[in-house]
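Tertiary structure, described
Okay, here's what each chain looks like letter by letter:
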Amino acid sequence: MSKRVILMTGTPCVGKTAVARLLTSKLDAFYVNLTDLALHENLILGRDEERGSIIVDENRMLCRIREIIEDCYKKAIIIDGHYAVSVVPKELTTYVFVLRRDPVELRRFMEQCGFSGRKLWENLASEILDVCLCDALNVYEEGKVCELDVSGKRVEEIVGEILDILNGSKKCRVGVVDWLGRLESEGLLEEFLRI
Ligand SMILES: Nc1ncnc2c1ncn2[C@@H]1O[C@H](COP(=O)(O)OP(=O)(O)OP(=O)(O)O)[C@@H](O)[C@H]1O
Ligand SMILES: [Mg+2]
C-alpha cells in the first residue's frame, strides 16, 4: 500500500502544529510531532542552553521515522517540525508544505508564544531570509515543495488550500512571498532584520 507522507515545516510559531493537527483529522492520518518524538524517545544529542532548545540526533531520528512510516497502518502520515526535511527519508516523502507568515504578524505570534530577545530576532530573520524554504529546496525538487502564505488566514482556510493541492485542484508552488521586499518597501527592514 502506498502511503502519503506529508511534511509540515516553517519557522517556529508559524502555525505548523495547528495546521498539521487539523489536516491529520481531515485525512484520518497518523500524526508525528518531531519535537515530542525526540523528547519521548530521547533522540537528542544534548541541549542548546543559550537558545533553550534541544539538539536532535538526526541520524537516529531518520531511522526511527523510516520505521514509523513503514509500520504505520494509516494511508497518510503528517510529520510536523521545522527540521522535517533533514530527518524524513527523501524517497518516502510525497509533499513538503512550507508555511510562511508575514514577519509583522509572525512577530506578534512569536511574542504570544513567549519568544523574546535574541531568539525572537533570530527566528524572525529565518523567516525573512526564507531559511526553511531553502532547506526544503536543498533536498527536494520544486514540484514536491509547496509554499503557502498563511498570513491572516484561519487554520481551516490553510488546511483547505493543502487539501486542494493534494487532490490536484490547486498548484503546488514556490516563490509566493517576498518578505525582504515587503519590509524594505515599508521601511521596516532595519527594525526586523537585527542580526
Ligand atoms: N492560522 C492561525 N490563526 C490564528 N492563530 C493561529 C493560527 N495558526 C496557529 N495559531 C496559533 O499560533 C500559535 C502557534 O501555532 P503553532 O503551535 O501551531 O505553531 P508551530 O509552527 O507549530 O510552532 P513550533 O515551531 O513552536 O512548534 C498557537 O497559539 C496557535 O494556536
Ligand atoms: Mg509545533
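Preceding this section is the structure that the text describes.
Since this is a predicted model, take the numbers as computed values, not measurements. (Residues numbered from 1 in each chain as written. Chains lettered and ligands numbered in written order. Predicted model: local features only at pLDDT ≥ 70, side-chain atom pairs only at ≥ 80, totals over all residues. Heavy atoms only, no water.)

Description of a nonpolar patch on the surface
Side chains of L129, V131 and L180 sit close together on the surface and give an oily, nonpolar patch of about 220 Å² of accessible area. Following the sequence through the fold, V131 ends up in helix α7 (residues 131-139). By relative accessible area, V131 is classed as partly exposed at 33%. (Patch = residues over 30% accessible without salt bridge, like charges linked within 9 Å, V, L, I, M, F, W, Y side chains within 5 Å. Areas by Shrake-Rupley, 256 points an atom, 1.4 Å probe, with all protein chains shown as cover. Salt bridge = Lys/Arg side-chain N within 4 Å of Asp/Glu carboxyl O. Helix = DSSP H or I, 4+ residues; strand = E, 2+ residues; numbered from the N terminus. Buried < 20%, exposed > 50% of the residue type's maximum accessible area, 1.4 Å probe, protein only.)

Quick word on helix α5 (residues 103-112)
Given 3.6 residues per helical turn, the α-helix brings residues three or four places apart onto the same face. Turning to α5, its buried residues are P103, E105, L106, R107 and M110. As for α5, its buried residues are in contact with α6 (117-128), α9 (179-185) and α10 (189-192). Among the residues of α5, the N-terminal cap falls to D102, whose side-chain oxygen and the backbone nitrogen of V104 are separated by 2.9 Å. Backbone geometry just after α5 places G114 at a positive phi near 95°. (Contact = heavy atoms within 4.5 Å. Polar contact = N/O pair within 3.5 Å; in protein donor to acceptor, adjacent residues only side chain to side chain.)

Quick word on the site of ligand 1
Residues in contact with ligand 1 amount to 14 residues; listed here are only the nearest, C13, K16, T17, A18 and K153. A distance of 3.0 Å separates an oxygen atom of ligand 1 from a polar atom in the backbone of C13. Out of a free accessible area of 630 Å², ligand 1 has 60% covered by protein chains. Counting residues per element, the ones that place at least two in the shell around ligand 1 are α1 (16-27) and α8 (155-166). Broken down by element, the shell around ligand 1 gets its largest block of residues, 3 residues, from α1. (Near = heavy atom within 4 Å.)

Quick notes on the packing of α5 against α6
Relative to each other, α5 and α6 sit at 145°, their axes nearing to 10 Å. Crossing handedness for the pair α5 and α6: right-handed. Taking contact as the criterion, the partners of P103, L106, R107, M110 and E111 in α5 are, on α6, L120, W121, N123, L124, E127 and I128. (Axes fitted to C-alpha atoms, helices over the stretch in contact; angles between N-to-C directions. Left-handed = near helix turned anticlockwise from the far one by under 90°.)

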